[in-house]
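The chain contents come next:
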Amino acid sequence: MKKRIEYLDIVKVIAIFLVVFCHFVLLSESVPANLFMSACWSGVPMFFMVNGALLFTRPLNLKKHIYKTLTIYLVLVIWRLIYLLSIGAINHVPIAGFGKNELLLYLFAFGNLEGIGTGHLWFIEALLAVYLLFPLFRICFDLPFGRKLILFFAIYGLLMTNGMNALQILLNGLAASGWIGTVSLSALDVLNPFGTYANMLGFFLLGAWIHTGPAIGGSLHTQRLIGAAMAVLGLPGIWAVKWYLSGTPVWDGILLTEGYRHIPVILLAVGVFLLCRDLTIKNRILSTAVRAVAKRTLGIYYLHWIFGWLLVPHMALLFTRFSVGANILKTLALIIPALLATFLLEKIPAVRRLVTG
C-alpha cells in the first residue's frame, strides 16, 4: 500500500471544499461572498499541482499510464451516462428528445445536452489532456536538466494562458480609455502548442517542480512566508479582477470570466500549496478525517453533482436569506453524503473504479 503524503492530502481537502463551494451557490450580494467565490478559482489548479507532485515521484510505467488514462476516459463516459439518466430524470428531460448523434457526441466526445448540466466535467477532460502529455515530460524530468525543463514548460504554459489573458485585459482597458486602438492577441495562440488546457498543464508541472525540489527560499519557514505572501496578494487580486470586469465588488451571481486564466489565481494556488508543503496534522482524529476525504475526492467530485441537483433546490427553501454561512452548510451537505456514498461504492468490485479512477 502506497504511503500517503499528508500535506498533499491537506491540499486536496482544501481544493475539494472550494470546488463544491462554488457549485449550486447560495450566496448573498456581498463582498465576503465575492471573496469566497474568488478563492474557489484556486481549487482545480491545486488539484493539478497535487497530481503533478504525485506522478513525478513515481517511475514511469508507460503501459500502466496508458491503461490509467484509458480508464479515466471510460469512467468519464460512464458518469456521463449516469448524469444523463439521473439529472435527466430530476430535471424531467426526456432522453427521447435527443438525436442519436447528439447522444453519441455527449457520451464519447465531450458534447453537451440541453438540460443535462455537466459543465464541471471539464476538469476530467483537462486531466485527460495533461495525462496524454505526461510521459513526454516525465522522460524530460530524468534528463540532467530535467527540473529546469519542467519549470520552463510550467512557466510557459501559464504565460501563454494566464499571462496572455492579463495582457489582453490591459490592452482592452487602454483601448476603452482611448489610449490605443483595439488590439487582439488571438493570433499569438499559434505559439501555444498545449492548447486550451496549457495553464492546467502549467500547474501540473509546477506542482511536480515544487514537490521534488528543496524548500523555496532555503527553509520551510521561509517557504511558508513566501506562500503566505502569495496567497495574501492572490485572493484580493482575483477579487479585484472580478470587480474590474463586472463593475461591482459584491457577488453578482455571475462567475468570473476566464476564471482560471488570471495571474492572481496562480498566486493563490501556489501560495496555498507552499503554505501546506510538508505540513503535518498532530491531532489523530483530524488527520484521519483529512485522509478519508482526500482518498475519495474523485468520488466526491462526481457524486456531489447528483446530490446538488437533488438537495440544493430544497435546501434553498430552508434559508430566510443566502449567505457565506448558508453556502458552507450546503457544501458540507453535499460533501458528506458524497463521501459516504463513495466509501460504500469503493467496497463493490464491479463499480469501485467509478469512484477511485
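Below or above, wherever it landed, is the structure these notes cover. All figures in this text were calculated on a predicted structure; none of them were measured in a lab.

How each quantity is defined
The numbers attached to residues start from 1 for each chain and follow its sequence in the written order. Since the coordinates come from a predicted model, pLDDT governs what is reported: local features require at least 70, and pairs of side-chain atoms require 80 or more to be given and counted, while whole-chain, interface and lining totals use all residues. Excluding hydrogens and water, the side-chain figures rest on all heavy atoms present in the structure. Aromatic pairs are defined between Phe, Tyr and Trp rings, using the six-membered ring for Trp, whenever the two ring centres lie within 6.5 Å; interplanar angles under 30 degrees are classed as stacked, those over 60 as edge-to-face, and all others as tilted. Labels follow the DSSP assignment, with helices taken as runs of H or I lasting at least four residues and strands as runs of E lasting at least two, numbered in each case from the N terminus. Each residue's exposure class comes from its accessible area (1.4 Å probe, protein chains only) as a fraction of the maximum for that residue type: buried when under 20%, exposed when over 50%, partly exposed otherwise. Cavities and pockets are defined on a 1 Å grid built over the protein atoms alone: a cavity is a set of grid points where a 1.4 Å probe fits but cannot escape, while a pocket is an open set with protein on both sides within 12 Å along at least five of seven lines, and lining residues are those with an atom within 4 Å of any such point. Grid points are joined across faces, edges and corners, and a volume is the space filled by probe spheres set on the points. Each residue receives one of three labels: charged for Asp, Glu, Lys and Arg, nonpolar for Ala, Val, Leu, Ile, Met, Phe, Trp, Tyr, Cys and Pro, and polar for the others, Gly being one of them. The convention used is that axes are lines fitted to C-alpha atoms, helices contributing only their stretch in contact, and that angles between N-to-C directions extend from 0 to 180 degrees. In these notes the angle categories are as follows: under 35 degrees is roughly parallel, over 145 is roughly antiparallel, 65 to 115 is roughly perpendicular, and the rest is oblique. Note on convention: near helix rotated counterclockwise from far helix by under a right angle means a left-handed crossing. Clockwise means right-handed. Note on contacts: a residue pair qualifies if any of its non-hydrogen atoms lie within 4.5 Å across the two residues.

1. So, the packing of aromatic side chains
- The final tally for this structure, using the stated rule, is 25 aromatic pairs.
- An angle of 75° between the planes, with centres 5.7 Å apart, marks the rings of Tyr7 and Phe273 as edge-to-face. Of this pair, Tyr7 sits in helix α1 (residues 6–21) while Phe273 sits in helix α10 (residues 263–276), and the two are 266 residues apart along the sequence.
- What makes Phe273 buried here is its relative accessible area of 0%.

2. Comments concerning the layout of surface pockets
- When its volume is computed, the second largest pocket comes out at roughly 300 Å³.
- Considering the residues around the second largest pocket, the lining is formed by 14 residues, among which Met160, Met164, Asn165, Asp189 and Arg261 are closest to the centre.
- The class makeup of the residues in the lining of the second largest pocket is four nonpolar, seven polar and three charged.

3. Topic: the packing of helix α6 (residues 122–141) against helix α8 (residues 198–212)
- One can describe the packing of α6 onto α8 by two numbers: an axis separation of 9 Å at closest approach and a directional angle of 50°. By the criterion of interaxial angle, the relationship of α6 to α8 is oblique. The way α6 lies across α8 gives a crossing that is right-handed. Seen from α6, the contacting residues are Trp122, Ala126, Val130, Leu133, Phe134, Phe137 and Phe141; seen from α8, they are Met200, Leu201, Phe204, Leu205 and Thr212.
- For the contact of α6 with α8, the residue count by class is eleven nonpolar, one polar and no charged.

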